[in-house]
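Single-letter residue listing:
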Amino acid sequence: MLSIGIDFGTSNSSVAVYDGQTVKLLELDTHAKDRRVMRSLLYIPRDGEIVAGQRALDLYTEQNTGREVKMERHSLGEITMTFSEMEVVKEAYAMVDVNEPGRLFQSLKRFLAMTSFKKTDVFGTEYSLEELVATLAQQILRAAEAALGSKISSLVVGRPVRFDDDDEKDQSALAKLKDAWGRVGVDEVRFMEEPVAAAHHHAAEARLVTGTRFLVFDFGGGTLDITVAEARGDSIDVLATGGVPIGGDLLDSRIMETRIAPQFGRGAHYEPEGLPVPSHILSRLRTWQTIVELNRPDRLEIIRDARRRSDSPRELAALESLVTRNHGLELFRAIERAKIALSDEEQAEVRLQADDIDLAEGITRDEFEAAIGAQVNSSRVCVLDAVRQAGLEPEEIALVITTGGSSLIPVFRNALREALPNAKLTAAGTFTSVAAGLALAGGTVK
Ligand SMILES: Nc1ncnc2c1ncn2[C@@H]1O[C@H](COP(=O)(O)OP(=O)(O)OP(=O)(O)O)[C@@H](O)[C@H]1O
Ligand SMILES: [Mg+2]
């Protein structure tokens, strides 16, 4: 019987199949450069089919970038509210972007830990977060079944060690992930911690000598996940796991906050009072999803007023374009490209020329490292905690397997070398080792 493993990642997903002899990655996304890796993106157009992966990004970009956002007040009908046992019936309204051709959802897995996300209205249909995650999960499953040529009835899905530092949020996120995968119509769905899966895969591939103690450092788009294990023949003993909700998305936000936000009005002042642009506006620059929230008449009014009265009209004109012309995702893609370039180069540039935005901001690797100092430190603490929990000294770790896109960032690799002085660092299939391990473990570990 075939064993199927699905790495449902914050940024990328992949699926592997194990037939008892070899593990193979499935070609999930025919539009992607690497067909074995599907972007964890969901696009729901106003009318038409639901789209996932690279095509979701392509369609969103084609249909939305540069278009004018037009917010209108729409009635949601009557709602009944109860105040001190008195019922009040009121008309409810919501601001709706009437020009919007489709909604794009990115990093849905990260939202699982956010208790604030309850429901969202997508062109008249209410989706809970679990339903959105299930919709994306179903797309991944369908692509896997198409590549496999048969229906899948049992699978092993990866889960982060921790979604959140807070226990209650962490538990609720896991419950929502399980709920979502319970909706895709597969009889048996099991879950396994992502770095444990990667550990199984590496132990099988590298034929580690029994007794070798090693650590898996799986650093993706949403979370950093760790396991400490000991090789035992073909298998492993898991000694400890650990994790923190730090990932590539957060590192992108740090670049935005430290280097790019000043180009969009952070540090600008209103004349003549010398007041700064309100923090509730500036804090929404942290992600492209929150930039979209600035597109409301009350917030736009603040931006336009600042543009008229501030000492930095160029920056505030750029902010207005960013918001009203929907360039948020494009900007964050430029930031991500610069971040990735900094893994190989000493400097990079965040570039975006569109409407009133004329951005070409250089960033050096040193500046990037300074911006993410707190995250590097948290990663070090997380690694050392896991080693301690395993009952080991840092010097006893002989090998570190790194996986996940963010594990390619040099400053995190250096921190690992310092924390675990006797360990050899080996990069394993950056975007595929978790899926491979899940498939493998699904066939051998019960
Ligand atoms: N060369 C690189 N240098 C730095 N960061 C990179 C590089 N390549 C990819 N990334 C980042 O890695 C992240 C995606 O990695 P990956 O696909 O392993 O995450 P994921 O598995 O989807 O997320 P998670 O496991 O946290 O749920 C993105 O934030 C991306 O910007
Ligand atoms: Mg991952």
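The rules we used
Residues numbered from 1 in each chain as written. Chains lettered and ligands numbered in written order. Predicted model: local features only at pLDDT ≥ 70, side-chain atom pairs only at ≥ 80, totals over all residues. Heavy atoms only, no water. Helix = DSSP H or I, 4+ residues; strand = E, 2+ residues; numbered from the N terminus. Buried < 20%, exposed > 50% of the residue type's maximum accessible area, 1.4 Å probe, protein only. Expected span 1.5 Å × (residues − 1). Arc of directions from axis to C-beta. Contact = heavy atoms within 4.5 Å. Domains from an automatic or database assignment. Buried area = accessible area lost by both parts, 1.4 Å probe. Salt bridge = Lys/Arg side-chain N within 4 Å of Asp/Glu carboxyl O.

> Give a detailed account of unusual backbone geometry, specifying residues and quantitative values.
Unusually for a residue other than glycine, N326 sits at a positive phi of about 65°. By the secondary structure assignment, N326 is in the loop between α10 (313-324) and α11 (328-341). With relative accessibility at 10%, the residue N326 sits in the buried group. The phi torsion at D355 lies on the positive side, around 45°, for a residue other than glycine. Mapped onto the fold, D355 is located in the loop between β17 (347-354) and β18 (357-364).

> Please set out helix α13 (residues 373-389) residue by residue, giving values where relevant.
If you check α13, its first and last C-alpha atoms are 24 Å apart, about what 17 residues at 1.5 Å a residue would give, namely 24 Å. When we look at burial in α13, the residues that qualify are Q375, V376, S379, C382, V383, A386 and V387. The buried residues of α13 occupy one face: seen down the axis, they fall within an arc of 130°. Those residues of α13 that are exposed and angled more than 90 degrees off the buried face are A374, R388 and Q389. On its buried face, α13 sits against β14 (213-219), β15 (224-232), β16 (235-244), α6 (248-260), α12 (365-371) and α14 (410-419).

> For the domain arrangement of the chain, give the residues involved together with the corresponding values.
Domain assignment breaks the chain into domain 1 (3-190), domain 2 (209-247 + 373-428) and domain 3 (248-371). Put simply, the middle of domain 1 and the middle of domain 2, counted by C-alpha atoms, are 29 Å apart. Each partner contributes to the interface: domain 1 provides 9 residues, whereas domain 2 provides 10 residues. For the pairing of domain 1 and domain 2, the buried interface totals around 640 Å² over both sides, and the portion due to carbon and sulfur atoms is 59%. For domain 1, the biggest contributors to the area lost against domain 2 are V161, R162 and D165; these three give 56% of the whole. The tally of links between domain 1 and domain 2 comes to 0 salt bridges.

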